[in-house]
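Inside the fold
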Amino acid sequence: MAEIPPFRPAQPPPARTRAVAAAGALLFLLAVAATGARASVLHGVDLSNFQNEFPCDNASVLIIRPHTVLDVQRAVASHATVMASGAGHSWNQPFFCAAPPANASAPARPPSGAAVIPTPGSSVNIALTTLRPLAIEVNASDSSVWVDAAVITADLLQFLADFVTEDAPAGWTLPAFPWFVFQTVGGAVATGSHGSSLAAGSLSSRQQLLALEVVAADGSLRRYTPEEEPFLFRALRVSVGRLGVITRLKMRIEREVPVRRTLTRLAPSAFLARMRELQAAARAAGPAALMTPNGTVAALPAWANDTEWFWVPQKYEFYQVAFSRADAPGAGAVSGFVPDNTTVFSRKGDMLALGELEFPATAVANLTAGATAGAQPVVVVPPGGPLNFTAGARLYARSAEGLRRLVAGEINAPLPAGGPPRPVDAAQGQPWAEPAPNRPSLFYAASNMAEGTNEITRIGIRDVAGNATVESTAAYIKQPNATLAQLRRTPYDQYEVSMPLAVVGDCFAAVLESAYGADIDGADAANRTVDKGFRTAPLIRLVGPDDGLLLYINLEDYIFYNSGRRPNARFRAIMAALTGDPRCTSSGPIRLHWGKAGWPDAGCWRGDEQYGINWCSFGCAARTLDPQGKFRDSAPDRWTWAGVDLERCCGPNGFDAQREGCACTVRHERPRDKCPPPPFYTSR
Ligand SMILES: Cc1cc2nc3c(=O)[nH]c(=O)nc-3n(C[C@H](O)[C@H](O)[C@H](O)COP(=O)(O)OP(=O)(O)OC[C@H]3O[C@@H](n4cnc5c(N)ncnc54)[C@H](O)[C@@H]3O)c2cc1C
């Protein structure tokens, strides 16, 4: 771990940083006029989620709207409890709200709504999306990118795709990315967000995440790499805000290649046969043999690698989305592709065909922004200014033009006019108002709309996942930008469970039985008319190799909110099968997504049972990085190591269960028989 700059308390942001932000504002107006703005970023207006649900307690938690990383450092140093906020695209409120101050004395709030002077007892959430300027720095020579944590994943992907150089004529991409791309990169990594890729795993995997810069509990800005801090880096890969505020990430990138996407409709029995095949292969190989030393996945059927499935329960259909990559060994799937040549599969082909071989001046802008002034210069792409190139990489003129527009118009767009003012000292917490809840949408609620919404879902799947041969970023499926406004207006919860590949066949047999009874293909027409409780398609994905190879199924419950907040019994039955049926849990407990809904009632989630010794190793990391509990959130019942002697049992590589008296067995206050049965929650 390298400490980046020494922490310097109470310095105003350097004037130069502000000048850059102002230039960005001017260019933004021009860009809006030319292209129209994308309203996909939430700018720290309040501390609810993206659907105005699950607000933090605004009587005890203030909001910080930082200008610079230095503001973040000062805020961390001066407040009692601190939690990072990304774009609010999650449903797990206890994890995304700072813990109330230990002595629970709410900070004084002036009636005028003016900024509150931080007091040692105050709790704050830091809205990272107000930081400006945000930077992306591509290093083509080692296939990596440094990206500021608050950059939206979609913007990073577009930046990489448009980074067209002589030796990467198709641009760049991330090895694998989530279906949803409107979260911040920092938020995505904090919760282990993922798409479907056995080879590349989640955004937090060792294939993808190479280094992190984190504001630590004492306010210092530190850099961690797996080489220098192997143990702490393992904990930092998925930290849910509990170990510090991630400000910058180094991710692996790869050249875009043509990818053929193929959509196939399967009956439930055919889907189940595929799951059984995967399960058999996983069991035959055994957990260790599934991974080769360099982290790639062996011994699984080749068709599985990037494949994912949409399930339309009401229609008895699974839509399999499979990918064949031009760079796969022995591919031949995409004819006419010459790896070292310009591809003709995207508009970048046009760009090059136009003969625009003029390169822009390679002036480097070494802007030293905020906290990094005086230390290693941080090279940023300034809005509208000259772009920075790593040695040897020269951008084509049109590529540079597009990047400049993206950086100025989207990534560094000014905060919306009329939004909450930021105090001069942005490390001060400010009060915020709870937003009005969104109104339920009758469209999703009415039982006679099941047919209509399922039909729309089917059309949507064909639209985003239909057959095509395009470059990587366009080929792998993404939630369309156009659906975002609708997503925000229509409150729903998204749940996600993951299971080891060793049980996927048996577990899906249980799930299909729960949804359909014995008639899993809907042979009897009468069965097809029964409402299955879904208004949208669960997405089933394969992810590895992080901790183990897992299959994730993510399900969405539209009905709870839209039917006057009544539980959705059919949906709950599926969740109960997934989390409680022995056919799903025989290889270990089902895990939940850190950013999503469906977590057990307070005191009923047990980290030691879910993650075994890794849970106590995470406790060791928390003890090292955050001994005073600065980054405590409002889920003390989850982050507990009660009864485990971390002081004695933590070693340099984490929890050492070999030491005498060192078992990772946490004492839980709430007895198991006082918890609800599967799916273990009562709220929905
Ligand atoms: C519609 C929708 C679809 C989704 N689809 C997918 C999907 O396809 N695949 C998938 O895996 N996930 C998916 N997610 C989940 C989403 O990727 C995660 O919830 C992600 O954490 C949201 O990021 P955010 O920037 O909005 O962070 P927030 O929601 O603001 O925060 C989430 C958590 O991360 C922590 N955090 C955020 N930023 C930082 C930081 N800089 N440093 C430290 N901690 C931080 C917060 O404290 C909080 O605990 C989806 C979410 C939505 C809303």
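Given the structure is predicted, the values throughout are model-derived calculations rather than measurements.

**A word on the environment of Ala 135**
Tracing the backbone shows Ala 135 in the loop between β4 (123-127) and β5 (136-139). Residue Ala 135 is classed as buried on the basis of its relative accessible area, which comes to 6%. Through-space distance from the C-alpha of Ala 135 to that of Val 147 is 6.1 Å; in sequence the pair is twelve residues apart.

**Some details on the pairing of strand β3 (residues 81-85)**
For β3, a buried count of four out of five residues is recorded, marking the element as mostly surrounded by other parts of the structure. Judged from the five bridges that link them, β3 and β4 form a sheet pairing that is parallel. What sits directly across from Met 83, in β4, is Asn 125.

**A closer look at helix α6 (residues 230-237)**
Burial runs high along α6: six of the eight residues are buried. Burial in α6 covers these residues: Phe 231, Leu 232, Phe 233, Ala 235, Leu 236 and Arg 237.

**A few points about the side chain of Thr 640**
Looking at the element boundaries, Thr 640 is found in the loop between α20 (613-625) and α21 (646-649). Within the structure, the side chain of Thr 640 is placed 3.1 Å from the backbone nitrogen of Ala 642, a separation counted as a polar contact. Setting aside residues up to four positions removed in sequence, Thr 640 forms contacts with Trp 615, Val 666 and His 668.

**Quick notes on the sheet that holds β4**
Two modes of strand pairing occur in sheets, parallel and antiparallel, and in both the strands are linked by backbone hydrogen bonds. Reading across the sheet, the three strands line up as β2-β4-β3 and stay open at both edges, with parallel pairing between neighbours. Each edge of the open sheet is held by one strand with a lone partner, namely β2 (61-64) and β3. Each neighbouring strand pair of the sheet contributes to a mean axis angle of 25°, computed without reference to strand direction. Alignment of β2 against β4, held across four bridges, turns out to be parallel. Within β4, the residue paired with Leu 62 across the bridge is Val 124.

**Overview of the site of the ligand**
Taken together, the neighbourhood of the ligand is formed by 38 residues, with Ala 84, His 89, Ser 90, Thr 184 and Arg 541 sitting nearest. Measuring from an oxygen atom of the ligand, one finds a backbone N or O atom of Trp 179 at 3.2 Å. Alone, the ligand offers 960 Å² of accessible surface; in the complex the protein occludes 99% of this. Looking at side-chain class alone, the shell around the ligand contains 19 nonpolar, 17 polar and two charged residues.

Here is what the cut-offs are and how they apply
Residues numbered from 1 in each chain as written. Predicted model: local features only at pLDDT ≥ 70, side-chain atom pairs only at ≥ 80, totals over all residues. Heavy atoms only, no water. Helix = DSSP H or I, 4+ residues; strand = E, 2+ residues; numbered from the N terminus. Buried < 20%, exposed > 50% of the residue type's maximum accessible area, 1.4 Å probe, protein only. Pairing = 2+ DSSP bridges. Polar contact = N/O pair within 3.5 Å; in protein donor to acceptor, adjacent residues only side chain to side chain. Contact = heavy atoms within 4.5 Å. Axes fitted to C-alpha atoms, helices over the stretch in contact; angles between N-to-C directions. Near = heavy atom within 4 Å. Areas by Shrake-Rupley, 256 points an atom, 1.4 Å probe, with all protein chains shown as cover. Nonpolar A, V, L, I, M, F, W, Y, C, P; charged D, E, K, R; others polar.

In short, shape yes, function no, at least from these values alone.
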